Amino acid sequence: MHRIAGWWDGFELWVAGLPFIPQFLVVLVGMVPISFAIAYGLDRVLRAVLRVLDRRYGAHPAPVRPAPAAAMLEPEQAAEARTPVQSGAR
């Protein structure tokens, strides 16, 4: 572990000693791929967690309702066969 810490300290000192433009390029080349990898990993983990927690993907899918019988009736009969739908608003 001390070897890794010593190497990292030396690398930091080397980057800090560079002029601005090379320093910027070294950090950019190193951080962009790492940042994309972290973002990709977080995206996959959060997508899996939210899929588990989401009610749309539960174990019991919603039943498929058949086409209403009123669609095959004449317009006058269809109006009589309709049931009122309530919005739930009060």
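Our subject is the structure listed above.
Overview of the structure. (Residues numbered from 1 in each chain as written. Predicted model: local features only at pLDDT ≥ 70, side-chain atom pairs only at ≥ 80, totals over all residues. Heavy atoms only, no water.)

A short note on the overall build of the chain
A tally of regular secondary structure across the chain gives three helices and zero strands. Counting helices and strands in the order they occur from the N terminus, the chain gives α-α-α. When the 90 residues of the chain are sorted by exposure, 2% land in the buried category. Of the roughly 9,000 Å² of accessible surface on the chain, a fraction of 68% belongs to carbon and sulfur atoms. (Helix = DSSP H or I, 4+ residues; strand = E, 2+ residues; numbered from the N terminus. Buried < 20%, exposed > 50% of the residue type's maximum accessible area, 1.4 Å probe, protein only. Areas by Shrake-Rupley, 256 points an atom, 1.4 Å probe, with all protein chains shown as cover.)

Some details on the packing of helix 1 (residues 2-17) against helix 2 (residues 20-53)
As a packed pair, helix 1 and helix 2 sit with axes 8 Å apart at the nearest point and diverge in direction by 135°. As the angle between them shows, helix 1 and helix 2 are arranged oblique. Taken together, the residues of helix 2 that come into contact with helix 1 (itself represented by Phe11, Trp14, Val15 and Ala16) are Gln23, Val26 and Val27. Along the lines of polarity and charge, the residues of the contact of helix 1 with helix 2 split into six nonpolar, one polar and no charged. (Axes fitted to C-alpha atoms, helices over the stretch in contact; angles between N-to-C directions. Parallel < 35°, antiparallel > 145°, perpendicular 65-115°, else oblique. Contact = heavy atoms within 4.5 Å. Nonpolar A, V, L, I, M, F, W, Y, C, P; charged D, E, K, R; others polar.)

Some words on the packing of aromatic side chains
In this structure the tally under the stated criterion is five aromatic pairs. Geometrically, the ring pair formed by Trp7 and Phe11 is stacked, given 5.6 Å between the ring centres and 15° between the ring planes. Placement of the pair is Trp7 and Phe11 together in helix 1, with a separation of four residues, close to one helical turn. Here Trp7 falls in the exposed class, since its relative accessible area comes to 56%. Residue Phe11 is classed as partly exposed on the basis of its relative accessible area, which comes to 30%. Of the aromatic side chains, those joined through ring pairs into one cluster are Trp7, Trp8, Phe11 and Trp14. (Phe/Tyr/Trp six-rings, centres within 6.5 Å; stacked < 30°, edge-to-face > 60°.)

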